[in-house]
Amino acid sequence: MSDTLLPGTTATRVSTARLTQNVLHPEGVDPAGPGEVVLFVHGNVSSALFWQQPVLALAATGHVRPLAVDLRGYGDTDPLPIDARRGVRDWADDLAALVDALGLDRVHLVGWSMGAGVVLQYLLDRPDQVASVVLVAPISPYGFGGTTGQEGRRLSEDGAGSGAGAANPEFVAALAAGDTTADRPTSPRSILRAFYVAPGSLPIDPQLEDVFVTAMLSTRTSEDHYAGDAAPSATWPGVAPGERGVLNTMAPTVFDLSGITDLPARPPVLWIRGDADAIVSDASLFDLAHLGMLGAVQGWPGADVCPPQPMVAQTRAVLDRYAARGGTYREVVLPGAGHSPHVERPQEFVGALVEHLDVPAAMPSDA
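Residues numbered from 1 in each chain as written. Predicted model: local features only at pLDDT ≥ 70, side-chain atom pairs only at ≥ 80, totals over all residues. Heavy atoms only, no water.

**Some details on helix α3 (residues 114–125)**
Over its twelve residues, α3 runs 17 Å from end to end, which matches the ideal 16 Å to within 8%, given 1.5 Å per residue. Across the twelve residues of α3, ten count as buried, placing the element largely inside the fold. Along α3, the residues classified as buried are Met114, Gly115, Ala116, Gly117, Val118, Val119, Leu120, Gln121, Tyr122 and Leu123. Buried residues belonging to α3 abut β3 (37–41), α2 (89–101), β5 (107–112), β6 (130–136) and α8 (311–324). (Helix = DSSP H or I, 4+ residues; strand = E, 2+ residues; numbered from the N terminus. Expected span 1.5 Å × (residues − 1). Buried < 20%, exposed > 50% of the residue type's maximum accessible area, 1.4 Å probe, protein only. Contact = heavy atoms within 4.5 Å.)

Right under this line is the structure:
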């Protein structure tokens, strides 16, 4: 792994009550040492390697101790199976075990994409342990696929259109094969260039791109990991989420984080995203309903029956309620950036993060 670590970054495997987890941190920084901690949580088909630039930049400020963890099934953390019947709680509980093992009290949580869902689940389950929250290109509080409206209404009882059945089998095969090329549009490197960052938003340094591809290829592929198992459905597009693996954790049958609006204490939230994000969007190119509307998936029954998921609008509606009930949030939109603001606009990303950490909103009293 040493050839994927940027100068100044190192990794420590931490034994916890649930599993051994790999933690990236600046050299000379003890993950279990004193001081305020910012814990970075990566997204799907990635690892903590994607966080190295902000980790190093944040460490240079000298104010906090930045740590980035590999989730189970990714990177160098133990690849235990993922029970999708629990939503994203396997990962949230793993984070709690890590926080306990490191002897931490309250942490600032930064979650990207799927990792933002893990962070919000942690907030729901352990609000007293969260100092603040940063959501980076977050998935909707109602999961990924199979819902409509700002209220996250489920399109079908079985969650059809979400879960592992929505995965591109060619992409899963490319991950399993360790494909490092850009020879096919479904190779990890091609997906990175086309969707993780907005095309043309920036030229990725070739060495960094190799690091990111390595992170993507650390994803375990199986029914217990990515993508998971699927079930048949009588509702278009004919597949429903199963009970195992990554994509099923974000199905609306098991994933609903809108309850953060009802917490007695609501830490400040920073929501940062790019306006050219093609993965998490109100017109996501990874939402089967939107693809059906475009004619890319056959048999789409129409917008009256199966409208695209308004992912950004759903997040905004939940955060607006969060604020109306005594919490605070700030939205930062980076023009021309895609799904990875911390990669595409590292200086702006770190600037917004430092401002969030240095001047947090006052903790609201019980509402």
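Still more to cover.
**Examining the sheet that holds strand β1 (residues 9–15)**
Strand order in the open sheet formed by eight strands is β1-β2-β4-β3-β5-β6-β13-β14, with mixed pairing between adjacent strands. Two strands bound the open sheet, and with one partner strand each, they are β1 and β14 (329–334). The average angle at which neighbouring strand axes cross in this sheet is 20°, direction not considered. The pairing of β6 with strand β13 (residues 269–274) spans four bridges and is parallel. Of the residues in β13, the one forming a bridge with Val136 is Ile272. Where α3 meets the sheet, its contacts fall on β3, β5 and β6, and the angle it forms with β5 comes to roughly 145°. (Pairing = 2+ DSSP bridges. Axes fitted to C-alpha atoms, helices over the stretch in contact; angles between N-to-C directions.)

**Thoughts on the pairing of β3**
In terms of burial, β3 is largely enclosed, as five of its five residues are buried. Here β3 shows a buried face lined by Val37, Leu39 and Val41 and a second buried face lined by Val38 and Phe40. In terms of strand pairing, β3 meets strand β4 (residues 65–69) through five bridges, oriented parallel. Residue pairing in the sheet places Val41 in a bridge with Val69 of β4. Bridge count for β3 against β5 is four bridges, and the pairing is parallel. Looking across to β5, one finds that Val41 is bridged to Gly111.

**Observations concerning the confidence of the model for the chain**
Model confidence for the chain is summarised by a mean pLDDT of 95, while 96% of its residues fall at 70 or above. Here residues 361–367 scores under 50 on pLDDT; set against residues more than four positions off or in separate chains, the count is 14 contacts. (pLDDT = per-residue confidence, 0-100.)

**Focus: unusual backbone geometry**
For the bond from Tyr226 to Ala227, the omega torsion is 10°, close enough to zero to count as cis. Its location among the elements puts Ala227 in strand β10 (residues 226–227). One non-glycine residue, Val45, adopts positive backbone phi at about 50°. In the Ramachandran plot, Ser113 falls in the positive-phi region, its phi being about 60° despite a non-glycine side chain.

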